[in-house]
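So you can see what is in the structure, the chains are spelled out below.
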Amino acid sequence: MPPASTITTTTQTTAISFPFQRKAFYANGRFWVFYCDGDYMLWAHSLDGITWTVAQKTIETRSPTQTSGTWSNPTGAYADGGGVAQAYVGDQQDYYGYGFALSSTAKVTKVRVRLDIFSDVAGNVSIKVSWDGGTTWGPVHTQAITTTETTYFIDVTSDTEWTPTKTSNIVVRITAVDTEIVNLDWIPVEVTYYDPDQVVRASTLGEKISIWFDGTFLHYAYASKVANTALTYRRSTPNSDGTITWSAPEQTAVAAVAGVTYSRPFISVDSVGYPWISYATGSYPFVTKASTNDGSWTTQTDFPTQLSTTSNAAWATSVVPLTSQKMYVVYVYSAVTLKGRLWDGSVFGSEEAASVSAILSYFRFSVTTYQDDVHLVFDKNVATYDIIYRKRTFGVGWGSEEVIQTPGNVNYAPVLSTFGPGDLYCFWMGAPTSERVYYKRNIGGTWDSTPTLWITEVVIEPNDRLTCFYQAYGSHPTFYIGLVYIPETSSPYSIKFDFITLTKKEIQYSDGLVSVDVISYET
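The following refers to the structure shown. Please read all numbers here as calculations on a predicted model, not as lab measurements.

Quick look at the sheet that holds strand 13 (residues 171-176)
Taken together, the five strands give an open sheet; going across it, the order is 6-8-13-10-11, and neighbouring strands pair in antiparallel fashion. The open sheet has two free edges, formed respectively by strand 6 (66-69) and strand 11 (141-145), since each of these has just one partner strand. Within this sheet the neighbouring strands show an average axis-to-axis angle of 25 degrees, counted without direction. Here strand 10 (residues 123-130) pairs with strand 13 via six bridges, running antiparallel. From the neighbouring strand, Ile-127 faces strand 13, where its bridge partner is Ile-174.

This is how it looks when you write it as structure tokens:
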């Protein structure tokens, strides 16, 4: 078994949150992991699960080398502290020759003009930017200035869809608007970019995005946790070279509503590719569904559907696929029992008790399925923090709760994956021995009696920064289940990855009358 690999580091403790959401899978010969760096949701990919291709963030500041216009001593603004360029009311100056030479594979995420500037009396200057050498210009940005030299940043990111080529042709035009003497010390341009372009979208927390791979397409749902902001959806194809091809622009899945905040999304798709998103509103759990399965989003009639009338600020949800367009959704908040509802392909059934025991915290659960059966694990709200497993058998209902592990005084966030006809892997961190990662298997309906010590590096509490594959991915005879986790409690946080290789064996025998394929699974 290979050692755990470090994908990258981040300042975000929530880079891969929440455990019940999914952030990783295997497709087209590569492992894929999605994470947040505090500004953007990014992806990393690897052929072997050990060496990763990661988008490198760069903030590059460059000074102008050419200028034209009516200002006095304009070259005084080429460098910080190298004299000043001066202007009177109405004077205009263009600065260019910034010399950006980004790779064609880079993704530009921010462009700002810096002004180190002051004036004889308080007033204003205006800035506008061209990205094609002065042919096309963005909008005018007005900046108030004072008599004390001050650094200002004018964000021009939204002026155009910035590309590496556009950054190489930047012209900045500054005009003295209404103050008699303007002194410009420096006018550089700052460009922030990721190379290669492995940017999903802007996101400040990992929990704002849920990822789902349906065997062909990658889907995401994004909830900003900002009131009066839409919940959005997008579909793409993960390619064999590690790039992603988007099917369509980001779509509005749930329209913005004044005073309503969408959070903690979970996305999946049904058996024929229609996307579903469950989410919280700050008070109630909801689920919505698209009537399109082509990368666009049109909300199906009678959706979104409110799942509970009980108000709580910390609902968490997971909507997971069964067969024949059936779905099952689990929803819960802290210190209560989990609830569930079956979508039979046409309508929702009544609310079910998905657990007998109460959960410790709203996010400490994980759900997976095989065919029409639902598998659930969660951290029980008792002093021993038992990891509880429960199965819902289609047509029968929920069975008895089973204790997978009794960790003692360590609270967990167990995560669950499935392989083959109902075989399960449950992963957790921190016990029986602290600072370790363990798993148990459920083969043929029976859990291992003792846990397998898997990752032996130092993994410091808290033990809730992990996520795993929803199911084993791969192709016959080799399949993989991957785990992503963060072992540190202070920045910089390492995003770590390890995986289990599963081999499917088929043995054919005959008794002279009939041939039977016997399938076994090995790690």
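Now that the structure is up, let's keep going.
Considerations on the packing of aromatic side chains
For the structure shown, the criterion picks out 47 aromatic pairs. Between Tyr-425 and Tyr-439, the ring centres sit 5.6 Å apart and the planes meet at 45 degrees, which makes this aromatic pair tilted. In this pair, Tyr-425 sits in strand 36 (residues 423-429) while Tyr-439 sits in strand 37 (residues 437-443), placing the two residues 14 residues apart along the sequence. Tyr-425 gets classed as buried once you look at its relative accessible area, which sits at 2%. Their ring planes at 80 degrees and their centres at 5.8 Å tell us that Tyr-439 and Trp-454 sit as a pair that is edge-to-face. On the criterion of sequence distance, the pair formed by Tyr-439 in strand 37 and Trp-454 in strand 39 (residues 452-455) is long-range, its members being 15 residues apart. Side by side, Tyr-439 and Trp-454 carry an identical accessibility label, which is buried. Taken together, the ring pairs in this structure connect Phe-25, Tyr-26, Phe-31, Trp-32, Phe-34, Trp-52, Phe-213, Phe-469, Tyr-473, Tyr-480, Phe-497 and Phe-499 into an aromatic cluster. Over the aromatic face of Trp-137 sits the side chain of Lys-128, whose NZ or CZ is 5.4 Å from the ring centroid. Stacked on the ring of Phe-394, the Lys or Arg Lys-326 has its end atom at 5.1 Å from the ring centre.

Observations regarding the nonpolar core
Formed by 92 residues in total, the largest nonpolar core has its most connected members in Phe-25, Phe-34, Ile-277, Leu-338, Phe-365 and Phe-497. Contacts of Leu-338, omitting those with residues within four sequence positions, involve Val-330, Tyr-331, Val-332, Glu-352, Ala-353, Ala-354, Ser-355, Ile-359, Phe-365, Leu-376 and Phe-378. Of all hydrophobic cores here, the second largest spans 33 residues; its members include Phe-100, Ala-106, Val-129 and Leu-184.

Some details on the sheet that holds strand 23 (residues 275-280)
Backbone hydrogen bonds hold the strands of a sheet together, and the pairing may be parallel or antiparallel. Spatially, four strands are ordered 22-23-24-25 in an open sheet, and the strand pairing comes out antiparallel. Where the open sheet ends on each side, the last strands, each with one partner, are strand 22 (263-269) and strand 25 (305-306). Examined bridge by bridge, strand 23 and strand 24 (residues 285-289) share five bridges and lie antiparallel to one another. Along strand 24, the bridge assignment pairs Trp-276 with Lys-289.

Description of empty space enclosed by the protein
Scanning all chains against the criterion turns up one cavity of 30 Å³ or more. Its volume calculated, the largest cavity comes out at about 40 Å³. Contributing to the lining of the largest cavity are Arg-22, Ala-24, Phe-25, Ile-211, Trp-212, Phe-213, Tyr-470 and Tyr-473. Elements represented by at least two residues in the lining of the largest cavity include exactly strand 2 (24-27) and strand 17 (209-213). Its residues assigned to classes, the lining of the largest cavity comprises seven nonpolar, no polar and one charged.

Remarks on the environment of Glu-207
Within the element layout of this structure, Glu-207 appears in the loop between strand 16 (199-202) and strand 17. Glu-207 sits in the buried class, given a relative accessible area of 7%. Glu-207 has contacts with Thr-14, Ser-17, Phe-18, Gln-21, Lys-225, Arg-264 and Pro-265, leaving out every residue within four places of it along the chain.

What to know about the pairing of strand 35 (residues 415-419)
Burial within strand 35 is extensive, with five of its five residues counted as buried. The alternating pattern of strand 35 places Val-415, Ser-417 and Phe-419 on one face and Leu-416 and Thr-418 on the opposite face, and all of these are buried.

Description of the layout of surface pockets
One simple way to see leftover space: roll a probe sized like a water molecule over the atoms. In this structure, the largest pocket encloses a volume near 680 Å³. When grouped by side-chain class, the residues that make up the lining of the largest pocket number 14 nonpolar, 13 polar and two charged. A volume near 260 Å³ is recorded for the second largest pocket. Lining the second largest pocket are 13 residues, and of these Lys-107, Val-108, Thr-109, Thr-157 and Glu-161 sit closest to its centre. At the level of secondary structure, the elements contributing two or more residues to the lining of the second largest pocket comprise strand 9 (107-119) and strand 16. Considering each element in turn, the lining of the second largest pocket owes the most residues, four residues, to strand 16.

The rules behind each value
Residues numbered from 1 in each chain as written. Predicted model: local features only at pLDDT ≥ 70, side-chain atom pairs only at ≥ 80, totals over all residues. Heavy atoms only, no water. Pairing = 2+ DSSP bridges. Helix = DSSP H or I, 4+ residues; strand = E, 2+ residues; numbered from the N terminus. Axes fitted to C-alpha atoms, helices over the stretch in contact; angles between N-to-C directions. Phe/Tyr/Trp six-rings, centres within 6.5 Å; stacked < 30°, edge-to-face > 60°. Buried < 20%, exposed > 50% of the residue type's maximum accessible area, 1.4 Å probe, protein only. Lys NZ or Arg CZ within 6 Å of the ring centre and 35° of its normal. Core = buried A, V, L, I, M, F, W, Y, C linked by side-chain atoms within 4.5 Å. Contact = heavy atoms within 4.5 Å. 1 Å grid on protein atoms, 1.4 Å probe; cavity = no way out; pocket = protein on both sides within 12 Å on 5 of 7 lines; lining within 4 Å. Points joined across faces, edges and corners; volume = space filled by probe spheres on them. Nonpolar A, V, L, I, M, F, W, Y, C, P; charged D, E, K, R; others polar.

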